[in-house]
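# Chain and residue survey
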Amino acid sequence: MGAVLAHSSFFCYLICMKKILITAFEPFGGERINPAQAVLERLPEAISGAALYRSVLPVSYRKSAVLLLEQIERVRPDAVVMLGQAGGRAKITPERIAVNLDHCEARDNDGEQRIDSVIDPEGPAAYFSTLPVHAMLQEMRKCEVGCAMSASAGAFVCNHVSYEALHYISRMGYGIPAGFIHLPYLPEQAEGKPGAASMPLSAMVHAVQAALAAIADSF
Ligand code: PCA
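Residues numbered from 1 in each chain as written. Predicted model: local features only at pLDDT ≥ 70, side-chain atom pairs only at ≥ 80, totals over all residues. Heavy atoms only, no water.

## Concerning the nonpolar core
Spelled out, the test is: Side-chain atoms within 4.5 Å link the members of a nonpolar core, which is a set of buried Ala, Val, Leu, Ile, Met, Phe, Trp, Tyr and Cys residues. The buried label goes to any residue with under 20% of its type's maximum accessible area, the exposed label to any with over 50%, and the partly exposed label to all in between, with areas taken from a 1.4 Å probe on protein chains only. In DSSP terms, a helix is any run of H or I states spanning at least four residues, a strand is any run of E spanning at least two, and both are numbered starting from the N terminus.
Counting 38 residues, the largest nonpolar core has Ile-20, Val-81, Ile-92 and Leu-212 as its most contacted members. Every element with two or more residues in this core is listed here: strand E1 (18–25), helix H2 (35–42), strand E3 (50–57), strand E4 (79–85), helix H4 (133–142), strand E10 (178–183) and helix H7 (201–216). Counting residues per element, this core draws most heavily on H7, which supplies 11 residues. One finds Leu-57, Val-59, Leu-68 and Cys-104 within the second-largest nonpolar core, a separate group that totals 28 residues.

## Re the environment of Ala-148
Structurally, Ala-148 is set in the loop between H4 and helix H5 (157–172). As for Ala-148 and Val-133, which are separated by 15 residues in sequence, their C-alpha atoms are 9.6 Å apart.

## Digging into the sheet that holds E10
Strand pairing in a sheet relies on backbone hydrogen bonds, with the paired strands running either antiparallel or parallel. Going by this rule: The criterion for strand pairing is that DSSP finds at least two bridges linking the strands in question. The contact definition used throughout considers only heavy atoms, calling two residues in contact when any of these lie within 4.5 Å. Only the contacting stretch of a helix is used when fitting its axis, a line to C-alpha atoms as for every element, and angles between N-to-C directions run 0 to 180 degrees.
Pairing within the open sheet is mixed, and its 6 strands lie in the order E2-E3-E1-E4-E10-E5. At either end of the open sheet lies a strand with only one pairing partner, and these are strand E2 (46–47) and strand E5 (93–94). With 6 bridges connecting them, E4 and E10 associate as parallel partners. Looking at E10, one finds that Val-81 is bridged to Gly-179. Sheet contacts for helix H3 (residues 61–75): E1, E3 and E4; angle to E1, the most-contacted strand, approximately 165 degrees.

## What to know about H7
Threshold: Between the first and last residue of a helix there are one fewer steps than residues, each counted as 1.5 Å, and that sum is the expected span.
Counted at 1.5 Å a residue, the expected span for H7 with its 16 residues is 22 Å, and the 22 Å between its end C-alpha atoms agrees. Listed in full, the buried residues belonging to H7 are Ala-203, Met-204, Val-205, Ala-207, Val-208, Ala-210, Ala-211, Leu-212, Ala-214, Ile-215 and Ala-216.

## Some words on the pairing of E4
When a strand is regular, its side chains alternate between the sheet's two faces. Within E4, 7 of the 7 residues are buried, which leaves the element mostly enclosed by the surrounding structure. Neither face of E4 is left uncovered, since the one carrying Ala-79, Val-81, Leu-83 and Gln-85 and the one carrying Val-80, Met-82 and Gly-84 both have all their residues buried. Taken together, the 4 bridges between E1 and E4 define a ladder with parallel strand orientation. Bridged to Leu-21 within E4 is Val-80.

## Quick word on unusual backbone geometry
The phi dihedral of Ser-48 is positive, around 50 degrees, even though this residue is not glycine. With respect to the helices, strands and loops of the structure, Ser-48 is situated in the loop between E2 and E3. Ser-48 sits in the partly exposed class, given a relative accessible area of 43%. Phi angles above zero are rare outside glycine, and Asp-116 is one such case at about 45 degrees. With respect to the secondary-structure elements, Asp-116 resides in strand E8 (residues 114–117). Of the residues examined, Asp-116 reaches a relative accessible area of 58% and is grouped as exposed.

Read these as layout, nothing more, since geometry by itself doesn't imply function.
Encoded structure:
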């Protein structure tokens, strides 16, 4: 009987738990690793009472957002956190804004290039992140890792999924927080790129956990 009760309370705990959908990207641009994927694989099952549901997205304008929106419908999360690589940045950077534009010289992993292409002609020019960016930065600073708010995620696939997620959540009236965090190169990626900044994986994992705790504590 005790075992049955223990079992049912365990399932209640799982069912009652808040859910954070967290995504990363596969490697792109000739890299063999994406720091976001490496971090995602090392996160615990749950943080501050919120269960983590993870998904690795393709670096593809056409496929990434379709998959992400499917995951939002499947998981019905309480928050959506998207991670990606920003090679060259020295700090972990929560993005404040996502713009309604695909524009990058670089091709995605399908070989597609988009130049000055509006994502949704009917959509607003931009969305602010709805994650508690300042609380996240405050918690990450306690880990003594470099972090700063960013005012531009660029206009490549990371911005694309970020805009699509915020646009979908807004249109559906889900009212859940969502936003993007860019991560620096890993040290092994920076080798052979003179002057390129990087950050150890353990520091990024630690900081992202702190940011997720701030998010989980905010709802
Ligand atoms: N970074 C790219 C796309 C995938 C990733 O991890 C970007 O910043 O758009």
